[in-house]
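# An overview of the molecular structure
These are the residues of each chain, in order.
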Amino acid sequence: MQVVVLLASELVSNAVRHAGAESVALSCTVQEGSVRVEVCDDGPGFAGAALPLDSSRIGGWGLYIVDQLASRWGRSDESANRVWFEVDRRPAARTSAYG
C-alpha cells in the first residue's frame, strides 16, 4: 500500500507543480488483482515519457519512480490530461483460527 500512496502523491504533485492546472482530480479503484490510480488535470499536458536515469540530477525523478515501481502506467490526453498507474496486489496471507 505504501507504493500506491507514494506514486499517487507523485502524480498529484506533478499536476500541481508542472501542469499549470486549475483543477486536479484523483481516483482510486481496487480491482481483484490490482489497484489503479488515475490523476486528471486541465493543464496543457506533457510528452509522457520517464526521463533517462541521471544520478547527478537533483529533481525530475517522479516519472522514473512511477516507471520503476508501478506494474503498469500510462497517460491519455483525450479530454483531459490523465496519468494512471496500476500496482498488482499480492494475495493476502491466509490465516486460520485452527493454527
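Let me begin by describing the structure that accompanies this report. What you see is a predicted model; the values in this text were computed from it and never measured. (Residues numbered from 1 in each chain as written. Predicted model: local features only at pLDDT ≥ 70, side-chain atom pairs only at ≥ 80, totals over all residues. Heavy atoms only, no water.)

## Comments concerning the nonpolar core
Leu11, Val37, Val66, Trp73 and Phe85 are the most contacted members of the largest nonpolar core, which totals 15 residues. Secondary-structure elements contributing two or more residues to this core are helix 1 (2-18), strand 2 (34-41), helix 2 (62-69) and strand 4 (81-88). Among the elements that line this core, the one with the most residues is helix 1, at five residues. The residues touching Val66, leaving out its near neighbours within four places in the chain, are Leu7, Glu10, Leu11, Trp73 and Phe85. (Core = buried A, V, L, I, M, F, W, Y, C linked by side-chain atoms within 4.5 Å. Buried < 20%, exposed > 50% of the residue type's maximum accessible area, 1.4 Å probe, protein only. Helix = DSSP H or I, 4+ residues; strand = E, 2+ residues; numbered from the N terminus. Contact = heavy atoms within 4.5 Å.)

## Here's the deal with the pattern of salt bridges
Overall, the coordinates contain five salt bridges when judged by the stated rule. Residue Glu38 is joined to Arg36 by a salt bridge in which the shortest nitrogen-to-oxygen separation is 2.8 Å. Residue Glu38 is classed as buried on the basis of its relative accessible area of 16%. Arg36 serves as the salt-bridge partner of Glu86, at 2.9 Å between the closest nitrogen and oxygen. Of this pair, Glu86 sits in strand 4 while Arg36 sits in strand 2, and the two are 50 residues apart along the sequence. Each of Arg36, Glu38, Arg72, Arg82, Glu86 and Asp88 takes part in a single network of salt bridges with overlapping partners. (Salt bridge = Lys/Arg side-chain N within 4 Å of Asp/Glu carboxyl O.)

## Some thoughts on a nonpolar patch on the surface
Together, Val3, Leu6, Ile65 and Leu69 line one region of the surface with nonpolar side chains, adding up to about 280 Å² of accessible area. Positionally, Leu6 belongs in helix 1. (Patch = residues over 30% accessible without salt bridge, like charges linked within 9 Å, V, L, I, M, F, W, Y side chains within 5 Å. Areas by Shrake-Rupley, 256 points an atom, 1.4 Å probe, with all protein chains shown as cover.)

## Points about the environment of Trp73
Residue position: Trp73 is located in strand 3 (residues 72-76). For Trp73 and Glu86, which are 13 residues apart along the polypeptide, the C-alpha to C-alpha distance reads 6.3 Å. Among the polar contacts listed, one links the side chain of Trp73 to the side chain of Asp67, at a separation of 2.9 Å. (Polar contact = N/O pair within 3.5 Å; in protein donor to acceptor, adjacent residues only side chain to side chain.)

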